[in-house]
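Examining the three-dimensional arrangement
The primary structure of each chain is shown beneath.
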Amino acid sequence: MKFTKMHGLGNDFVVVYQKDPLNESPRDLARAVCDRHRGVGADGLVFILPSERADLRMRIFNADGTEAEQCGNAVRCVAKYYYECVSGVKKELTVETGAGIQRVWLDVAGNRVDQVKVDMGVPVLQGEQIPVTIRKDRVVEEPLEVDGRHFAFTAISMGNPHVVIFVDDVVSFPVEAWGPKIETHPYFPNKTNVEFITVRSNRELDMRVWERGAGQTMACGSGACASVVASVLTGRTGRHVIVHLWGGDLEIEWSEQDDHVYMTGPAEVVFEGKWLGSDASF
Ligand SMILES: N[C@H](CCC[C@H](N)C(=O)O)C(=O)O
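Residues numbered from 1 in each chain as written. Predicted model: local features only at pLDDT ≥ 70, side-chain atom pairs only at ≥ 80, totals over all residues. Heavy atoms only, no water.

As recorded in an unreviewed UniProt entry, the protein chain goes by the name Diaminopimelate epimerase, listed as coming from Polycladomyces subterraneus. UniProt, in its Sequence similarities (unreviewed entry) section for the protein chain, records the words "Belongs to the diaminopimelate epimerase family." (UniProt positions renumbered as here; feature names shortened; annotations may be inferred.)

1. Let's talk about the environment of Cys-77
Note that Cys-77 resides in helix α2 (residues 72-87). With relative accessibility at 1%, the residue Cys-77 sits in the buried group. Note: C-alpha distance between Cys-77 and Phe-166 (89 residues apart in sequence) is 29 Å. (Helix = DSSP H or I, 4+ residues; strand = E, 2+ residues; numbered from the N terminus. Buried < 20%, exposed > 50% of the residue type's maximum accessible area, 1.4 Å probe, protein only.)

2. As for the UniProt feature "active site" (unreviewed entry) in the protein chain
Mapped onto this structure's residue numbering, the UniProt feature "active site" (unreviewed entry) falls at Cys-71 and Cys-220. In sequence the annotated residues extend across 150 residues, while in space they remain close, none of their C-alpha pairs exceeding 7.7 Å. With respect to the helices, strands and loops of the structure, Cys-71 is situated in the loop between β5 (67-68) and α2. When neighbours within four sequence positions are excluded, Cys-71 is seen to be in contact with Asn-11, Phe-13, Met-58 and Ile-60. Its location among the elements puts Cys-220 in the loop between β16 (215-217) and α4 (221-233). The exposure class of Cys-220 is buried, given its relative accessible area of 4%. Leave out the neighbours within four places in its chain, and Cys-220 touches Asn-11, Asn-73, His-162, Glu-195, Met-207, Val-209, Glu-211, Leu-245 and Leu-250. (Contact = heavy atoms within 4.5 Å.)

3. Some words on the packing of aromatic side chains
Applying the stated criterion to the full structure yields nine aromatic pairs. Taking 6.0 Å as the distance between ring centres and 75 degrees as the angle between the ring planes, the aromatic pair formed by Phe-3 and Phe-271 counts as edge-to-face. Taken as a pair, Phe-3 in strand β1 (residues 2-8) and Phe-271 in strand β20 (residues 268-274) lie far apart in primary sequence, 268 residues in all. A residue is classified by how much of its surface remains accessible, and Phe-3, at 7% relative accessible area, is buried. Residue class for Phe-271 comes out partly exposed when judged on its relative accessible area of 37%. Measuring from ring centre to ring centre gives 6.2 Å for Trp-105 and Tyr-262, while their planes differ by 50 degrees; the resulting arrangement is tilted. With Trp-105 in strand β7 (residues 100-109) and Tyr-262 in strand β19 (residues 261-266), this residue pair connects regions lying 157 residues apart in the sequence. Classification of Trp-105 by relative accessible area gives partly exposed; the value is 24%. Ring-pair connections join several aromatic residues into one group, and the members of that group are Phe-153, Tyr-187 and Phe-188. (Phe/Tyr/Trp six-rings, centres within 6.5 Å; stacked < 30°, edge-to-face > 60°.)

Structure (structure tokens):
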């Protein structure tokens, strides 16, 4: 199985392009490929597949083998791959994901894609199960008790689940200690991604993330989107924010006009390879 190793701000993926739909679950393959000691090493295994509804289809499997509805950093990577290695023509693409069809705009210099802008869709405020298009001036954060410690959180779905928690200092916050406890808390039946945020200004957030099915990653695109939505809903920032992640910066805008969240950031190719593992029946 040929693959291309890519990343978005250090959130890294093994990307596989194939012309046929998947005919079996790549759960075990994802675990093997993503293993950082016995495999290639990655946060996820991503397939670029044919689509009847968009230019291409993306399926993303976390390092633990679970499939996620969407992945912002991976969408930027697959769009870059598709332009540079498949199509080479269209600088605006549509990508079918488990969270719906996402529009993507490519910033191309020469024949290389630099920055990628993605329409990440309309956020949904969880807990109350209402679309945030029903105007809410301000949202009260919900309480969550975890091993005797109390957190205040805002739950936002970007197609995949996110819990956003504001803390005084993300640099020193013990993400590895509390991330997995919140990810698997019974309050979240499908588990959840967990974003820890410190507000730097009305236009800047600092973010660390514990991802569902992957652990602490260097960046989470859908998590950055959810964090900006939570920051707006709790009156902490405006709608156009630079999110400073461990691996770099993402530009996020939650549009007043259409309620969609737009994310702009880089995507990189690192190397190409061939997976020789026994379960490489793809
Ligand atoms: N772990 C996530 C999928 C990857 C999302 C993240 N890497 C991004 O860039 O959006 C989940 O299970 O929902």
